[in-house]
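# Understanding the architecture of this molecule
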Amino acid sequence: MSIAQPHLITFPKLGEPGIGFISVQEGLKLVPFEVKRLFWTYYTPDSIVRGRHAHHQTEMVLVAAAGRIIVNTEMPGGKIDTFVLEKPEVGVFLPKYCWHTLQYSHNAVQLVMASSVYSEADYIRDYDEFKKIK
């Protein structure tokens, strides 16, 4: 069985500097799942590391709508990547079983598209438990 890997997604950037830009996600064109939950984070102090979990089922795409977000990922088996999000037309896909940590610039606004509604049972919050996943 092949497990999806974290990767960047570039959304269309439509417009021009004189009038501004819009980026669009429709259906399953770029995001590889139906979006069932949308949320955003903001005013996160730059000294705080968030995330520190994985999901059993939920897949997500994270976008830095403003500011910069450093996303560190680890997959079962140990593959580690770092993604720096600082363009609002670029997001990172996080598959299920992707341990991730997030650090924000003081002005970052993060938009998250998730494949499922919130369920605490879906979270893997213990890193030692995550490391047991093959």
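In this report, we go over the structure that sits alongside the text.

Reading the values: the criteria
- Sequence positions are assigned chain by chain, starting from 1 and proceeding in written order.
- Residue-level local features of this predicted model are given only where pLDDT is at least 70; pairs of side-chain atoms are given and counted only at 80 or more, and the full residue set underlies all totals for whole chains, interfaces and linings.
- To obtain the side-chain values, all non-hydrogen atoms of the structure were included, while hydrogens and water were left out.
- Being paired, for any two strands, means DSSP has found at least two bridges between them.
- Strands are runs of DSSP state E lasting at least 2 residues, helices are runs of H or I lasting at least 4, and numbering of each runs from the N terminus.
- Only the six-membered ring of Trp is used, alongside the rings of Phe and Tyr, when aromatic pairs are assigned; centres must lie within 6.5 Å, and planes under 30 degrees apart are stacked while those over 60 apart are edge-to-face, with the rest tilted.
- Burial here depends on accessible area, computed with a 1.4 Å probe over protein chains only, as a share of the maximum for the residue type. Under 20% is buried, over 50% is exposed, and the range in between is partly exposed.
- Geometry is summarised by axes, namely lines fitted to C-alpha atoms with helices restricted to the contacting stretch, and by angles between N-to-C directions that run from 0 to 180 degrees.

Further remarks concern the sheet that holds strand β8 (residues 80-85). In space, the five strands of this open sheet follow the order β8-β7-β10-β5-β12, with antiparallel pairing throughout. Two strands in the sheet have a free side with no partner beyond their single neighbour: β8 and β12 (123-124). Where strand β5 (residues 49-55) and β12 come together, two bridges link them in antiparallel fashion. Looking at the pairing, H55 lines up with Y123 of β12.

Moving on, we get to the packing of aromatic side chains. The description of two aromatic rings rests on the distance between their centres and on the angle between their planes. Considering all chains together, one arrives at six aromatic pairs under this definition. Plain terms: the ring middles of F33 and F93 are 6.5 Å apart, the flat faces sit at 35° to each other, and that makes the pair tilted. With F33 in the loop between β3 (20-22) and β4 (37-42) and F93 in strand β9 (residues 90-94), the pair connects residues that are 60 residues apart, well separated along the chain. The class for F33 is buried, based on a relative accessible area of 6%.

Burial of strand β10 (residues 99-104) is extensive: five of the six residues sit out of reach of the surface. Pairing analysis gives four bridges linking β5 to β10, with the strands arranged antiparallel. Its bridge partner being in β10, V49 is matched across the sheet by Q103. Pairing of strand β7 (residues 69-74) with β10 involves six bridges; the strand directions are antiparallel. Its bridge partner being in β10, V71 is matched across the sheet by L102.

As a general point, the strands of a sheet are linked pairwise by backbone hydrogen bonds and lie either parallel or antiparallel. The strand order across the open sheet formed by five strands is β1-β9-β6-β11-β4, and the pairing between neighbours is antiparallel. Strands with a single pairing partner mark the edges of an open sheet, and in this sheet they are β1 (7-10) and β4. Strand-to-strand twist of the sheet, defined as the mean angle between neighbouring strand axes without regard to direction, takes the value 25°. Where β4 lies against strand β11 (residues 109-114), six bridges are found, and the strand directions are antiparallel. Pairing of R37 across the sheet is with A114, part of β11.

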